[in-house]
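Chain and residue survey
Residue strings, one per chain:
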Amino acid sequence: YFSNSTAAFGRVVMKLENVPQKLDVYNAQFIADIVPTSITDITRYSTAVNYNNSERNNGSVSLVRGFTASVRRNGENLGDLVGLAGIETIEQAEVVKGPSAVLYGASQPGGVINYVTKMPKFRRETVLNGQVHSFGGYTASIDTTGPIGNPNRKGGPIAAYRFVVVNDDRKEYQDNNDYYERQIYFGKILFRPAPWFSFTLEAEKNVLDAA
(Lines give C-alpha, C1' and ligand atoms only; values in the text may rest on other atoms or scores of the structure.)
Protein backbone atom coordinates (compact mmCIF):
# COMPACT_ATOMS: atom_id res chain seq x y z
CA TYR A 1 0.00 0.00 0.00
CA PHE A 2 2.00 2.94 -1.29
CA SER A 3 1.08 6.59 -0.72
CA ASN A 4 2.71 9.52 -2.46
CA SER A 5 1.75 12.25 -0.01
CA THR A 6 0.68 13.05 3.54
CA ALA A 7 -1.54 15.69 5.13
CA ALA A 8 -0.19 15.19 8.66
CA PHE A 9 1.96 18.30 8.61
CA GLY A 10 -0.11 21.30 9.62
CA ARG A 11 -2.94 20.51 7.17
CA VAL A 12 -0.58 21.04 4.23
CA VAL A 13 -0.32 18.16 1.76
CA MET A 14 3.32 17.22 1.20
CA LYS A 15 5.08 14.60 -0.88
CA LEU A 16 6.55 11.88 1.30
CA GLU A 17 10.00 12.42 -0.22
CA ASN A 18 9.97 15.95 1.22
CA VAL A 19 8.98 14.94 4.76
CA PRO A 20 11.93 15.10 7.19
CA GLN A 21 10.41 12.72 9.76
CA LYS A 22 9.50 9.07 10.03
CA LEU A 23 5.83 8.35 9.55
CA ASP A 24 3.40 5.59 8.64
CA VAL A 25 0.59 6.29 6.16
CA TYR A 26 -2.48 4.03 5.95
CA ASN A 27 -4.48 4.96 2.86
CA ALA A 28 -8.08 4.34 1.77
CA GLN A 29 -7.32 1.05 0.03
CA PHE A 30 -5.62 -0.35 3.14
CA ILE A 31 -8.53 0.74 5.36
CA ALA A 32 -11.05 -0.88 3.00
CA ASP A 33 -9.12 -4.16 2.91
CA ILE A 34 -8.69 -4.66 6.67
CA VAL A 35 -12.40 -3.89 7.37
CA PRO A 36 -11.80 -2.09 10.71
CA THR A 37 -14.57 -1.95 13.30
CA SER A 38 -13.13 1.01 15.24
CA ILE A 39 -10.90 3.97 14.55
CA THR A 40 -8.06 2.44 16.56
CA ASP A 41 -7.94 -0.69 14.39
CA ILE A 42 -6.00 1.20 11.70
CA THR A 43 -3.09 2.54 13.72
CA ARG A 44 -2.58 -0.77 15.51
CA TYR A 45 -0.59 -1.74 12.42
CA SER A 46 2.07 0.84 13.31
CA THR A 47 4.99 -0.54 15.32
CA ALA A 48 5.16 2.76 17.23
CA VAL A 49 1.53 2.76 18.44
CA ASN A 50 -0.11 0.88 21.28
CA TYR A 51 -3.07 1.45 23.60
CA ASN A 52 -3.92 1.24 27.25
CA ASN A 53 -6.43 -1.31 28.55
CA SER A 54 -9.46 1.01 28.52
CA GLU A 55 -10.72 0.17 25.04
CA ARG A 56 -14.44 0.05 25.73
CA ASN A 57 -16.53 2.35 23.49
CA ASN A 58 -13.45 3.44 21.55
CA GLY A 59 -12.18 5.28 24.62
CA SER A 60 -8.66 3.90 24.63
CA VAL A 61 -5.71 6.26 24.94
CA SER A 62 -3.33 6.22 21.98
CA LEU A 63 0.33 5.87 22.86
CA VAL A 64 3.21 6.56 20.46
CA ARG A 65 6.59 5.31 21.63
CA GLY A 66 5.22 5.07 25.17
CA PHE A 67 3.92 8.64 25.34
CA THR A 68 0.31 9.77 25.06
CA ALA A 69 -0.15 10.70 21.42
CA SER A 70 -1.35 14.03 20.13
CA VAL A 71 -4.40 12.92 18.12
CA ARG A 72 -5.60 15.18 15.32
CA ARG A 73 -8.28 15.29 12.67
CA ASN A 74 -7.35 16.95 9.38
CA GLY A 75 -4.43 18.55 11.24
CA GLU A 76 -6.66 20.11 13.91
CA ASN A 77 -6.23 19.21 17.58
CA LEU A 78 -9.71 18.24 18.77
CA GLY A 79 -8.63 16.45 21.94
CA ASP A 80 -10.98 13.74 23.16
CA LEU A 81 -13.51 14.51 20.42
CA VAL A 82 -11.37 12.61 17.92
CA GLY A 83 -12.19 9.36 19.69
CA LEU A 84 -15.87 9.83 18.85
CA ALA A 85 -15.22 9.98 15.11
CA GLY A 86 -16.52 7.08 13.09
CA ILE A 87 -14.19 4.84 11.11
CA GLU A 88 -16.67 5.18 8.25
CA THR A 89 -15.69 8.85 7.77
CA ILE A 90 -11.90 8.30 7.70
CA GLU A 91 -10.02 8.11 4.39
CA GLN A 92 -6.44 8.03 5.64
CA ALA A 93 -4.54 7.67 8.92
CA GLU A 94 -1.01 8.96 9.53
CA VAL A 95 1.40 8.33 12.39
CA VAL A 96 4.22 10.85 12.82
CA LYS A 97 6.99 9.33 14.91
CA GLY A 98 9.05 11.43 17.30
CA PRO A 99 8.97 15.09 18.41
CA SER A 100 7.00 17.36 16.07
CA ALA A 101 6.92 20.73 17.87
CA VAL A 102 8.41 22.43 14.83
CA LEU A 103 5.19 21.54 12.99
CA TYR A 104 2.51 21.72 15.68
CA GLY A 105 3.97 23.76 18.54
CA ALA A 106 3.87 22.19 21.99
CA SER A 107 3.03 18.49 21.56
CA GLN A 108 3.81 15.09 22.97
CA PRO A 109 7.37 13.81 22.41
CA GLY A 110 6.20 10.40 21.18
CA GLY A 111 4.47 11.62 18.06
CA VAL A 112 1.21 12.59 16.40
CA ILE A 113 -1.68 10.56 14.98
CA ASN A 114 -3.63 12.37 12.28
CA TYR A 115 -6.92 11.15 10.81
CA VAL A 116 -7.94 12.53 7.40
CA THR A 117 -11.65 12.55 6.59
CA LYS A 118 -13.09 11.45 3.26
CA MET A 119 -12.97 13.86 0.34
CA PRO A 120 -15.72 14.35 -2.28
CA LYS A 121 -15.12 12.89 -5.73
CA PHE A 122 -16.02 14.38 -9.09
CA ARG A 123 -17.61 11.11 -10.18
CA ARG A 124 -20.77 9.44 -8.91
CA GLU A 125 -20.17 6.57 -6.52
CA THR A 126 -22.27 4.96 -3.79
CA VAL A 127 -21.10 2.23 -1.41
CA LEU A 128 -23.36 0.26 0.94
CA ASN A 129 -21.75 -1.64 3.83
CA GLY A 130 -23.26 -4.05 6.31
CA GLN A 131 -21.77 -6.02 9.21
CA VAL A 132 -23.31 -8.59 11.53
CA HIS A 133 -21.61 -8.90 14.92
CA SER A 134 -20.95 -12.24 16.59
CA PHE A 135 -22.46 -11.18 19.93
CA GLY A 136 -25.58 -9.72 18.30
CA GLY A 137 -26.47 -6.56 16.42
CA TYR A 138 -25.37 -4.97 13.19
CA THR A 139 -23.62 -1.99 11.59
CA ALA A 140 -24.98 -0.46 8.37
CA SER A 141 -23.67 2.51 6.41
CA ILE A 142 -24.06 4.34 3.12
CA ASP A 143 -21.29 6.43 1.54
CA THR A 144 -22.26 8.47 -1.51
CA THR A 145 -20.36 11.07 -3.53
CA GLY A 146 -20.60 12.88 -6.83
CA PRO A 147 -20.30 16.19 -8.73
CA ILE A 148 -22.48 19.29 -8.36
CA GLY A 149 -23.05 21.62 -11.28
CA ASN A 150 -22.91 21.60 -15.05
CA PRO A 151 -20.68 18.77 -16.34
CA ASN A 152 -20.15 20.74 -19.58
CA ARG A 153 -18.62 23.69 -17.75
CA LYS A 154 -15.06 24.50 -18.76
CA GLY A 155 -12.88 22.88 -16.12
CA GLY A 156 -15.65 20.49 -15.05
CA PRO A 157 -18.34 20.81 -12.34
CA ILE A 158 -17.82 23.61 -9.84
CA ALA A 159 -18.36 21.45 -6.74
CA ALA A 160 -18.68 17.91 -5.39
CA TYR A 161 -20.38 16.37 -2.36
CA ARG A 162 -19.84 13.43 -0.03
CA PHE A 163 -22.30 12.14 2.55
CA VAL A 164 -21.91 9.25 4.99
CA VAL A 165 -24.69 7.91 7.22
CA VAL A 166 -24.06 5.14 9.77
CA ASN A 167 -26.31 3.22 12.14
CA ASP A 168 -24.63 0.91 14.65
CA ASP A 169 -26.71 -1.22 17.03
CA ARG A 170 -24.95 -4.12 18.75
CA LYS A 171 -24.69 -6.06 21.97
CA GLU A 172 -21.60 -6.22 24.16
CA TYR A 173 -20.00 -9.46 25.27
CA GLN A 174 -19.48 -8.45 28.94
CA ASP A 175 -23.15 -8.65 29.95
CA ASN A 176 -26.44 -9.52 28.25
CA ASN A 177 -27.82 -6.11 29.23
CA ASP A 178 -24.92 -4.17 27.71
CA TYR A 179 -25.48 -2.41 24.41
CA TYR A 180 -23.75 -0.02 22.03
CA GLU A 181 -25.71 2.31 19.75
CA ARG A 182 -24.14 4.83 17.42
CA GLN A 183 -25.37 7.11 14.64
CA ILE A 184 -23.15 9.23 12.40
CA TYR A 185 -24.15 11.92 9.92
CA PHE A 186 -21.20 13.23 7.91
CA GLY A 187 -21.18 15.68 5.03
CA LYS A 188 -18.51 17.50 3.06
CA ILE A 189 -18.76 19.80 0.04
CA LEU A 190 -15.75 20.67 -2.08
CA PHE A 191 -15.88 23.91 -4.08
CA ARG A 192 -13.50 24.32 -7.01
CA PRO A 193 -14.32 27.59 -8.79
CA ALA A 194 -10.94 27.55 -10.55
CA PRO A 195 -8.36 24.80 -11.22
CA TRP A 196 -5.89 26.54 -8.89
CA PHE A 197 -8.33 27.27 -6.03
CA SER A 198 -10.59 25.07 -3.90
CA PHE A 199 -12.05 24.95 -0.39
CA THR A 200 -14.21 22.57 1.63
CA LEU A 201 -17.07 22.78 4.08
CA GLU A 202 -17.42 19.84 6.48
CA ALA A 203 -19.89 18.90 9.21
CA GLU A 204 -20.36 15.79 11.31
CA LYS A 205 -22.82 14.77 14.00
CA ASN A 206 -22.15 11.76 16.23
CA VAL A 207 -24.67 10.21 18.60
CA LEU A 208 -23.38 7.55 21.02
CA ASP A 209 -25.43 5.68 23.61
CA ALA A 210 -23.88 2.77 25.49
CA ALA A 211 -24.31 0.90 28.76
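Treat the numbers as computed from the prediction; the structure is a model and nothing was measured.

1. Concerning the packing of aromatic side chains
The tally for this structure, following the rule as stated, stands at 6 aromatic pairs. Measuring from ring centre to ring centre gives 5.8 Å for F197 and F199, while their planes differ by 50 degrees; the resulting arrangement is tilted. For F197, a relative accessible area of 38% translates into the label partly exposed. According to the relative accessible area criterion, F199 is partly exposed, its value standing at 37%. One cation-aromatic arrangement involves R192 over F122; the distance from NZ or CZ to the ring centre is 4.0 Å.

2. Quick notes on the pairing of strand β9 (residues 90-97)
Counting buried positions over the 8 residues of β9 gives 7, a clear majority of the element. Both strand β3 (residues 23-26) and β9 contribute to a ladder of 4 bridges, which runs antiparallel. Within β9, the residue paired with V25 across the bridge is E94. Bridging between β9 and strand β10 (residues 111-117) involves 7 bridges; their strand directions are antiparallel. The residue bridging K97 from the neighbouring strand is G111, located in β10.

3. With respect to the environment of G136
Structurally, the position occupied by G136 is in the loop between β11 (125-132) and β12 (137-148). Considered as a pair, G136 and K171 are 35 residues apart in the sequence and their alpha carbons are 5.3 Å apart. Once you skip the residues sitting within four places of it in the chain, G136 turns out to touch R170 and K171.

4. Things to note about the pattern of salt bridges
A full pass over the atoms with the stated rule returns 12 salt bridges. The salt bridge partner of R44 is D41, with a shortest N-O separation of 3.9 Å. With a closest N to O distance of 3.6 Å, E91 and R162 form a salt bridge. With E91 in strand β9 and R162 in strand β13 (residues 159-171), the pair connects residues that are 71 residues apart, well separated along the chain. Residue classification places R162 among the buried positions, given a relative accessible area of 5%.

5. Some remarks on the sheet that holds β11
Across the sheet, which stays open at both edges, the 5 strands sit in the order β11-β12-β13-β14-β15 with antiparallel pairing between neighbours. Of all the strands in the sheet, the pair left with one neighbour each is β11 and β15 (197-210). Across the sheet, the mean angle from the axis of one strand to that of its neighbour is 5 degrees, orientation sign disregarded. By the bridge criterion, 13 bridges tie strand β14 (residues 179-194) to β15 in an arrangement that is antiparallel.

6. Things to note about the side chain of T89
Looking at where T89 falls in the secondary structure, it is placed in the loop between β8 (76-77) and β9. Beyond its immediate chain neighbours, meaning those up to four positions away, T89 contacts R73, V116, T117, K118, I184, F186 and E204.

Thresholds applied
- Residues numbered from 1 in each chain as written.
- Predicted model: local features only at pLDDT ≥ 70, side-chain atom pairs only at ≥ 80, totals over all residues.
- Heavy atoms only, no water.
- Phe/Tyr/Trp six-rings, centres within 6.5 Å; stacked < 30°, edge-to-face > 60°.
- Buried < 20%, exposed > 50% of the residue type's maximum accessible area, 1.4 Å probe, protein only.
- Lys NZ or Arg CZ within 6 Å of the ring centre and 35° of its normal.
- Helix = DSSP H or I, 4+ residues; strand = E, 2+ residues; numbered from the N terminus.
- Pairing = 2+ DSSP bridges.
- Contact = heavy atoms within 4.5 Å.
- Salt bridge = Lys/Arg side-chain N within 4 Å of Asp/Glu carboxyl O.
- Axes fitted to C-alpha atoms, helices over the stretch in contact; angles between N-to-C directions.

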